[in-house]
Amino acid sequence: MASSTVRPEDHHQDRSVGQDVARRLLDSAAKLSYDPAAEVDWDTPLDPDHHGASPEWSTLYGTAYWQELTEVQRKALTRQEAASVASTGIWFEMILQQMVLRDMYAKDPTDLRFQWALTEVADECRHSIMFARGAAKLGAPAYRPRRAVVELGRAFKTLAFGEAAYAAILVAEEVLDVMQRDWMRDERVAPFVRTINNIHVVEESRHMKFARDETRRRLRNAGPVRRHINSLVVAIASYYIVTSMVNRDVYANAGLDSERARSEAGTNEHHKSLMRSSCSGLMEFLASARLLTKPALFFYKRASLI
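Since the structure is predicted, the reported quantities are computational estimates derived from the model, not experimental observations.

Some remarks on the packing of helix H9 (residues 224–243) against helix H14 (residues 294–302)
The geometry of H9 relative to H14 is characterised by a closest axis approach of 8 Å and an angle of 10° between their N-to-C directions. Considered as vectors, H9 and H14 are oriented roughly parallel to each other. Residues Ser231, Leu232, Val234, Ala235, Ile236, Ser238 and Tyr239 of H9 form the contact with H14, whose own contacting residues are Pro295, Ala296, Phe299, Tyr300 and Arg302. Tallied by class, residues from the contact of H9 with H14 come to nine nonpolar, two polar and one charged.

Considering the pattern of salt bridges
In total, this model carries 19 salt bridges according to the counting rule given. With a shortest N-O distance of 3.1 Å, Glu151 and Arg154 are connected by a salt bridge. Taken together, the positions of Glu151 and Arg154, both in helix H6 (residues 147–159) and three residues apart, correspond to about one turn of that helix. Where Glu214 meets Arg217, a salt bridge forms, and the shortest distance between an N and an O atom there is 3.0 Å. Of this pair, Glu214 and Arg217 both sit in helix H8 (residues 191–219), three residues apart, which is roughly one turn of that helix. Arg217 matches Glu214 in its accessibility class, with the two residues each being buried.

Here's the deal with the side chain of Thr293
Mapping Thr293 onto the fold places it in the loop between helix H13 (280–288) and H14. Using a relative accessible area of 10% as the deciding quantity, one classes Thr293 as buried. A polar side-chain atom of Thr293 sits 3.0 Å from a polar atom in the side chain of Ser231.

Regarding a nonpolar patch on the surface
Together, Val225, Ile229 and Val233 line one region of the surface with nonpolar side chains, adding up to about 250 Å² of accessible area. In this fold, Ile229 is placed in helix H9.

Points about unusual backbone geometry
Of all residues except glycine, most have a negative phi; of all peptide bonds, most are trans. Phi at Ala106 is positive, roughly 60°, even though this residue is not glycine. Note that Ala106 resides in the loop between helix H4 (71–104) and helix H5 (112–137). With a relative accessible area of 70%, Ala106 lands in the exposed category.

Cut-offs applied
All residue numbers refer to position in the chain's written sequence, counted from 1. Where totals are concerned, whole chains, interfaces and linings use all residues; where local detail is concerned, this predicted model gives features only for residues with pLDDT of at least 70, and gives and counts side-chain atom pairs only at 80 or more. The basis for every side-chain value is the complete set of non-hydrogen atoms in the structure, without hydrogens or water. Between the N-to-C directions of two axes lies an angle of 0 to 180 degrees, each axis being a line fitted to C-alpha atoms and, for a helix, fitted only over the stretch in contact. In this description a helix means any DSSP run of H or I spanning at least four residues, a strand means any run of E spanning at least two, and both kinds are numbered starting from the N terminus. Oblique is the label for any angle not covered by the other classes, which are roughly parallel (under 35 degrees), roughly antiparallel (over 145) and roughly perpendicular (65 to 115). In this analysis, two residues are considered to be in contact whenever any of their non-hydrogen atoms come within 4.5 Å of each other. Charged means Asp, Glu, Lys or Arg here, nonpolar means Ala, Val, Leu, Ile, Met, Phe, Trp, Tyr, Cys or Pro, and polar covers whatever is left, Gly included. Definition used for salt bridges: Asp or Glu carboxyl oxygen within 4 Å of a side-chain nitrogen of Lys or Arg. Note on exposure labels: buried denotes an accessible area under 20% of the residue type's maximum, exposed denotes more than 50%, and partly exposed covers the range between, all computed with a 1.4 Å probe on protein chains only. As used in this structure description, the phrase polar contact means that two N or O atoms lie within 3.5 Å; if the pair is within protein, one of them must be able to donate a hydrogen and the other to accept it, and residues adjacent in sequence are counted only when both atoms belong to side chains. Any residue with relative accessible area above 30% and no salt bridge may belong to a patch, with like charges joined within 9 Å and the nonpolar Val, Leu, Ile, Met, Phe, Trp and Tyr side chains within 5 Å. For every accessible area listed, the method is Shrake-Rupley and the probe measures 1.4 Å; residues are considered covered only by the protein chains on display.

Read these as layout, nothing more, since geometry by itself doesn't imply function.
Take a look at the structure:
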């Protein structure tokens, strides 16, 4: 079996690369960051003539039920779905913050990676408040994942470490990134939602860069057992994150037949195809990191990510 011993010169090079990445991210954050409290138009009342998300991203788009809905109903549905995605984003960003802080606990504060990690946590705090205010303005209740998923998240944020933590962060953020890039350019979407999406896309691009770099770095000397275990942990976490994005209560809150809507959404091939195509780059990265094992693929396929 090949040795996984880390040579001193490898550790030095690894630290140097990590410092360079963190320095570039800190410079970028200093030049291009937003204050959602000032940037987003919170005062103008919600215009019900706007969607909350691009209609093509609705879980019902392309179904027989969607064809029967009026434009008013479609817009009400996408507003509830966008609010649900935002609420799920808050839930996961709170997990993310705790994992990053735990990873940096008692480490060298002069390390640029440490300083970037705190910058990322500060970003996520602002994003969570922004998402909360956005969901409220969309006229939605507080959507939360099912209790079992909340408890699984509690366990994950407590136990996940290293590449498992950073790869899971990457999966959640990349899935959000792809859909929000569409929403922020779509004039059918409410202007304040487009601003929220733009802020999140710009700032999360730095977070995803850090997560990719950390995932590669942590896996560099990982043995096959550790790699296989963590590939499965990441896949299971990804499955529950993605399948929790649109709460089952959105349909009733949009005034639809909840039972029929859930049934048709569950078999909506358009939405599944959209998810798969939007995640192609992410899956390429996970494959390059050797995190697409057969057990992991089972969960990614169930979540329609591959």
